[in-house]
2 protein chains.
Amino acid sequence: MIRVAVDAMGGDYAPGEIVKGAVQAAEQRKDIQIVLIGQEEVVREELKKYSFQEGQITVQNATEVIATEEPPVNAIRKKKDSSLVVGMNMVKRGEADAIVSAGSSGAILVGGQVIVGRIKGVERPPLAPLIPTEKGVSLLIDCGANVDARPSHLVQFARMGSIYMEHVVGIKNPRVAIVNIGAEEEKGNALVKETFPLLKECPGINFIGSIEAREIPHGGADVVVCEAFVGNVILKLYEGVGATLISKVKEGMLSSLRSKIGALLVKPALKETLKSFDASKYGGAPLLGLNGLVVKTHGNSKATEVRNSIIQCVTFKEQGINEKIRESLGTEKTE
Amino acid sequence: MIRVAVDAMGGDYAPGEIVKGAVQAAEQRKDIQIVLIGQEEVVREELKKYSFQEGQITVQNATEVIATEEPPVNAIRKKKDSSLVVGMNMVKRGEADAIVSAGSSGAILVGGQVIVGRIKGVERPPLAPLIPTEKGVSLLIDCGANVDARPSHLVQFARMGSIYMEHVVGIKNPRVAIVNIGAEEEKGNALVKETFPLLKECPGINFIGSIEAREIPHGGADVVVCEAFVGNVILKLYEGVGATLISKVKEGMLSSLRSKIGALLVKPALKETLKSFDASKYGGAPLLGLNGLVVKTHGNSKATEVRNSIIQCVTFKEQGINEKIRESLGTEKTE
């Protein structure tokens, strides 16, 4: 039976929305187990609001909470009884297959590496959020905390990202591209120039070459490979430009009586379309290459995203993603 | 008298819109001279459509044209009689104060460095486009072709960018920030960590620290300093996310009869607001730190943007930007 640990204390809407999302996931999949980790009384109080299958959701007490602003390394080292550290230790000991947290990104990244630990052969575990595109979603890998990557890291990101997109998201033979400042092979910085030929020769991935940032929102590749600094810029700019443009559109619509009436008529259809430009239905961002799975959901996640993230963990386990990653990296070595 | 050379053959709408823009600029500023460079007969044929002050617009023959797809270094070296090379040589010899081109970005960047040449002390000439924000515009510096910059380059970008924003765009004491993956000083990749303290100590600029990509569209800084690879990603993703969202909004508006009626009512106001989210009224992107000025306008520039770019060159010269850059870099050395 698949067992998912959930950090009930992390995120802007913890524990309320986290617990609610866990109950929804348990309803959707009667064959899984969920462990809510956090201050027991508080979590049990929330759980009382719902009815669920006896024994499907359990509570694991953890007295401490890691705040968003705490220095990650310190927090992981010192708060041994925090919901995040307790949950990650469960994954490490095999008592849970995965952990979902909406808490501090830094602490999740550090804890994933330090506590859960990497799959043998994985040089760096990349954080790989899905981003919305015109055609659906693309995997942006890496957006983690480990900047200044080497070419061999990027090749592993491409492999792991391909496996994830094919078997968790369901894109057959996903197109892999490397973020670059031009489409030609001779373009790029030192890292990209060195990585490009390695990706070209890498077996088992469908490498289509460079992708310019302009083409990312158009869905120009399914797996968008980049170094973490660049990935972070892409992810955050996506949010920033999106938020600014939507607010400009709203401002325009409310600028005259005529446009206000129009806005009322347009609103439902517009809401529906913009909802399609949202990747949260796929869950959170997986930290790949670990002995288990760590999923980081948005800090402002509500129940639905928490539910989706739990289901994502289930699919990950059912599809044997880590076994596929081990196999893929094993292949690499014998070639 | 200020003299601006204009590459009449570069860009998607050359020579028609380029010539038209030049005529508009001449109308706006009767005290400047414009030299249109290109195949003389073709350019004169276009000019015939307009009336303008005798002698204010002249034509300089150049028989060759550099295509967008040509390898830049080769194009600059071999096409000695191309409109771009002829124009840049005019700037070099002081026969023109500046050149505006909507042609090949690569050729413009290479030509600027190789033909026009750098101001003494400038290590790298950055390409610095203005990008629209909620509050107006910000200068994104560098988006050029020289990736893998060193910390000292970024410090010069900050100085030159400040001068440009203050004296050409008119932002008093512009806020300078470095693109980073977190707000804290200890965050960043090797380049940013090394550059940060240098910017903190740099005299004559208003350094406010790190800026996360999310804050760029909100107008979190006036001068956004970054290495060219990152700058290129920011610039192109801005365009990509913008285009995708606008097309999603349109799609939503046309999805039902109700929303179509609403769209008709909303359209004029929306158009007006979105027009404010556009930096082209400020002209093109200057390549800073050269002995003269090279301005790259969008490949799809129409007359208005060409006119604005010419006026931008005039302001640049009138404000003595290059003298201020020389002074600022001179100061640096004696401190």
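Overview of the structure. Keep in mind the model is a prediction, meaning the values are calculated, not measured.

Let's shift gears to the side chain of His-153 of chain A. Within the secondary structure layout, His-153 of chain A lies in helix α6 (residues 151-169). Among residues more than four places away in sequence, those in contact with His-153 of chain A are Glu-123 and Arg-124 of chain A.

What follows is about the sheet that holds strand β2 (residues 32-38) of chain B. Residues and elements named next belong to chain B. Taken in spatial order, the 6 strands make up an open sheet running β3-β2-β1-β4-β11-β10, and their pairing is mixed. Each end of this open sheet is capped by a strand with a single partner; those strands are β3 (57-61) and β10 (285-287). Along the sheet, successive strands turn relative to each other by an average axial angle of 25°, direction set aside. Where helix α10 (residues 303-318) meets the sheet, its contacts fall on β1 (2-7), β2, β4 (98-101), β10 and β11 (293-296), and the angle it forms with β1 comes to roughly 145°.

The next subject is the environment of Ile-234 of chain A. Mapping Ile-234 of chain A onto the fold places it in helix α8 (residues 228-253). Overall, the relative accessible area of 0% leaves Ile-234 of chain A in the buried class. Sequence separation between Ile-234 of chain A and Glu-318 of chain A is 84 residues, and the spatial gap between their C-alpha atoms is 31 Å. Setting aside residues up to four positions removed in sequence, Ile-234 of chain A forms contacts with Leu-140, Val-179, Ile-216 and Cys-226 of chain A together with Val-233 and Leu-237 of chain B.

Before going further, it helps to examine helix α1 (residues 16-28) of chain A. Given 3.6 residues to a turn, an α-helix orients residues that are three or four positions apart in the same direction. Residue and element names in this part refer to chain A. Between the first and last C-alpha of α1 there are 19 Å, a value that for 13 residues agrees with the 18 Å anticipated at 1.5 Å per step. Residues Glu-17, Ile-18, Val-19, Gly-21, Ala-22, Val-23, Ala-25 and Ala-26 constitute the buried set of α1. Buried positions along α1 lie against β1 (3-7), β2 (33-38), α2 (40-47), β3 (57-61) and α10 (303-318).

For the rest of this paragraph, the subject is the pattern of salt bridges. For the structure on display, the rule yields 30 salt bridges over all chains. With a closest N to O distance of 3.8 Å, Glu-123 of chain A and Arg-150 of chain A form a salt bridge. Taken together, the residues span a long stretch of sequence, with Glu-123 of chain A in the loop between α5 (105-116) and β5 (130-132) and Arg-150 of chain A in the loop between β6 (137-141) and α6 at a distance of 27 residues. The exposure class of Glu-123 of chain A is partly exposed, given its relative accessible area of 29%. Here Lys-49 of chain B and Glu-46 of chain B are joined by a salt bridge, their closest N and O atoms 3.0 Å apart. Taking the relative accessible area as the measure of exposure, Lys-49 of chain B reaches 58% and is therefore exposed.

Listed per partner, the contact involves 56 residues of chain B and 56 residues of chain A. Note on chain B versus chain A: buried area summed over both sides is about 4,900 Å², and carbon and sulfur give 73% of it. Connecting chain B to chain A are 14 residue pairs in polar contact (both at pLDDT 80 or more). Listing elements by their share of the side of chain B that touches chain A, those giving two or more residues are β7 (175-180), α7 (190-201), α8 (228-253) and α9 (257-276) of chain B. Considering every element that reaches the side of chain B that touches chain A, the biggest residue donor is α8 of chain B, with 22 residues. Classifying every residue of the side of chain B that touches chain A gives 30 nonpolar, 15 polar and 11 charged.

This part covers the relation of the copies chain B and chain A. Least-squares fitting of chain B to chain A yields an RMSD of 0.0 Å, with the superposition described by an axial translation of 0.0 Å and a rotation of 180°. Both copies are brought into coincidence by an operation consistent with a two-fold rotation axis. No C-alpha of chain B approaches the rotation axis more nearly than that of Gly-262 of chain B, which lies at 1.9 Å. A shared interface surface links the copies, since 100% of the contact residues of chain B are contact residues in chain A too.

Parameters at a glance
Residues numbered from 1 in each chain as written. Chains lettered and ligands numbered in written order. Predicted model: local features only at pLDDT ≥ 70, side-chain atom pairs only at ≥ 80, totals over all residues. Heavy atoms only, no water. Helix = DSSP H or I, 4+ residues; strand = E, 2+ residues; numbered from the N terminus. Contact = heavy atoms within 4.5 Å. Pairing = 2+ DSSP bridges. Axes fitted to C-alpha atoms, helices over the stretch in contact; angles between N-to-C directions. Buried < 20%, exposed > 50% of the residue type's maximum accessible area, 1.4 Å probe, protein only. Expected span 1.5 Å × (residues − 1). Salt bridge = Lys/Arg side-chain N within 4 Å of Asp/Glu carboxyl O. Buried area = accessible area lost by both parts, 1.4 Å probe. Polar contact = N/O pair within 3.5 Å; in protein donor to acceptor, adjacent residues only side chain to side chain. Nonpolar A, V, L, I, M, F, W, Y, C, P; charged D, E, K, R; others polar. Least-squares fit on C-alpha atoms with pLDDT ≥ 70 in both.

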